[in-house]
Amino acid sequence: MLSVNVGRERPIAAKGGTTGIDKRPVAGPVAVRAPGPKLAGRSGASGLAGDHISDTAHHGGDDQAVYAYAREDLDAWGRELGRDLPGGAFGENLTTEGVDVSGAVIGEVWEVGTALLQVSCPRVPCVTFAVWLDQERWVPRFTEARTPGAYLRVLREGHLAAGDAVRVVSRPAHGVDVRTVFAATTTSPELLPLLREVPELPAEDRAQLLRRLGA
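Presented here is an overview of the structure given in this document.

Attention shifts here to helix H4 (residues 178-185). Val178, Val181, Phe182, Ala183 and Ala184 are the residues of H4 that are buried. Turning to H4, the residues buried within the fold contact strand S9 (115-122), helix H3 (138-145), strand S10 (150-156) and helix H5 (203-212).

A few words on the environment of Ala89. With respect to the secondary-structure elements, Ala89 resides in the loop between helix H1 (71-81) and strand S7 (94-96). For Ala89, a relative accessible area of 10% gives the class buried. Taking the C-alpha atoms as reference points, Ala89 and Leu74, separated by 15 residues in sequence, lie 8.3 Å from one another. If sequence neighbours within four positions are ignored, Ala89 has contacts with Trp132 and Leu133.

The mixed open sheet is built from eight strands, whose spatial order is S4-S1-S7-S6-S10-S9-S8-S12. Where the open sheet ends on each side, the last strands, each with one partner, are strand S4 (23-25) and strand S12 (166-170). When strand polarity is set aside, the average angle formed by the axes of neighbouring strands in this sheet is 35°. In the sheet, strand S6 (residues 66-70) pairs with S7 via three bridges, with the strands oriented parallel. Within the sheet, the bridge partner assigned to Ala68 lies in S7 and is Leu94.

Glancing now at the pattern of salt bridges. A full pass over the atoms with the stated rule returns eleven salt bridges. A salt bridge links Arg179 to Asp100; its shortest N-O distance comes to 3.6 Å. Of this pair, Arg179 sits in helix H4 while Asp100 is found in the loop between S7 and strand S8 (109-112), placing the two residues 79 residues apart along the sequence. In this structure, Arg167 engages Glu111 in a salt bridge whose closest nitrogen and oxygen atoms are separated by 2.6 Å. Taken together, the residues Arg167 in strand S12 and Glu111 in strand S8 connect sequence positions 56 residues apart. Counted as one network, the salt bridges with shared partners bring together Arg10, Asp22 and Arg24.

As enumerated under the stated definition, the model contains zero disulfides in all. In this model Cys126 remains outside any disulfide bridge; the closest cysteine sulfur is found in Cys121, 13 Å from its own.

In this section: the pairing of S9. By the criterion of burial, S9 is predominantly enclosed, with eight of the eight residues buried. The loop that links S8 with its antiparallel partner S9 comprises two residues; one of these, Gly113, has a positive phi angle of about 60°. The pairing of S9 with S10 spans six bridges and is classified as antiparallel. Counterpart to Gln118 in the pairing with S10 is Arg153.

Turning our attention to the packing of aromatic side chains. Under the criterion given, the structure shown has twelve aromatic pairs. A centroid spacing of 6.3 Å and a plane angle of 50° characterise the contact between Tyr67 and Tyr69, whose relative ring orientation is tilted. Residue Tyr69 is classed as buried on the basis of its relative accessible area, which comes to 0%. Taken together, a centroid distance of 5.1 Å and an interplanar angle of 80° make the contact between Phe90 and Phe129 edge-to-face. Of this pair, Phe90 sits in the loop between H1 and S7 while Phe129 sits in helix H2 (residues 127-133), placing them 39 residues apart in sequence. We classify Phe90 as buried; its relative accessible area is 0%. Owing to a relative accessible area of 0%, Phe129 belongs among the buried residues under this scheme. By way of ring pairs, the aromatic residues Tyr67, Tyr69, Trp77, Phe90, Phe129, Trp138, Phe142, Tyr151 and Phe182 are connected into one cluster. Above the ring of Phe129, the side-chain terminus of Arg123 is found at 3.7 Å from the ring centroid.

Calculation notes
- Residues numbered from 1 in each chain as written.
- Predicted model: local features only at pLDDT ≥ 70, side-chain atom pairs only at ≥ 80, totals over all residues.
- Heavy atoms only, no water.
- Buried < 20%, exposed > 50% of the residue type's maximum accessible area, 1.4 Å probe, protein only.
- Helix = DSSP H or I, 4+ residues; strand = E, 2+ residues; numbered from the N terminus.
- Contact = heavy atoms within 4.5 Å.
- Pairing = 2+ DSSP bridges.
- Axes fitted to C-alpha atoms, helices over the stretch in contact; angles between N-to-C directions.
- Salt bridge = Lys/Arg side-chain N within 4 Å of Asp/Glu carboxyl O.
- Disulfide = S-S within 2.5 Å.
- Phe/Tyr/Trp six-rings, centres within 6.5 Å; stacked < 30°, edge-to-face > 60°.
- Lys NZ or Arg CZ within 6 Å of the ring centre and 35° of its normal.

As structure tokens, then:
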């Protein structure tokens, strides 16, 4: 892992007017724990100590406790956008190297430092992300690229730090990865039936999936 990134509250011309998307690398181990349910107005919605989330109705909570994004994908976007993208530039808590984050299987379990994390779902781009990067049509561009990165839930509390290895300790047999879930729920609804057999998806996502499939 290249960096662990946390954000402080800052003003932004989007949604409620503040954001925690400005994540910066921090030195030393950072405590990680399950933050509890995603509820509007609650504090401490992030899984990382010291990390701020403003829009707690749509971000954070147990199923979005930690967000990971690959350095390789940041570099690809940096070349496309013609700018440097430091660790945390996409609002990610963990900037990885040598890990195909968007190719991780939903329900895959990672040991990082002393913590145990589980891949839960893809990141869905929002208006705050677009405003933060100051890019027109950012949401459709990001969606079309299908490199969303992954949210993780915390199975075992612990500490993690830059330099820690990301070790995959288990991987579900269904094989449905983050990229497939992202495509199915955005541009390729014909893939939705594949998600029926993915119990590790967040409960609210599974409920929405079943409604779309008429189940």
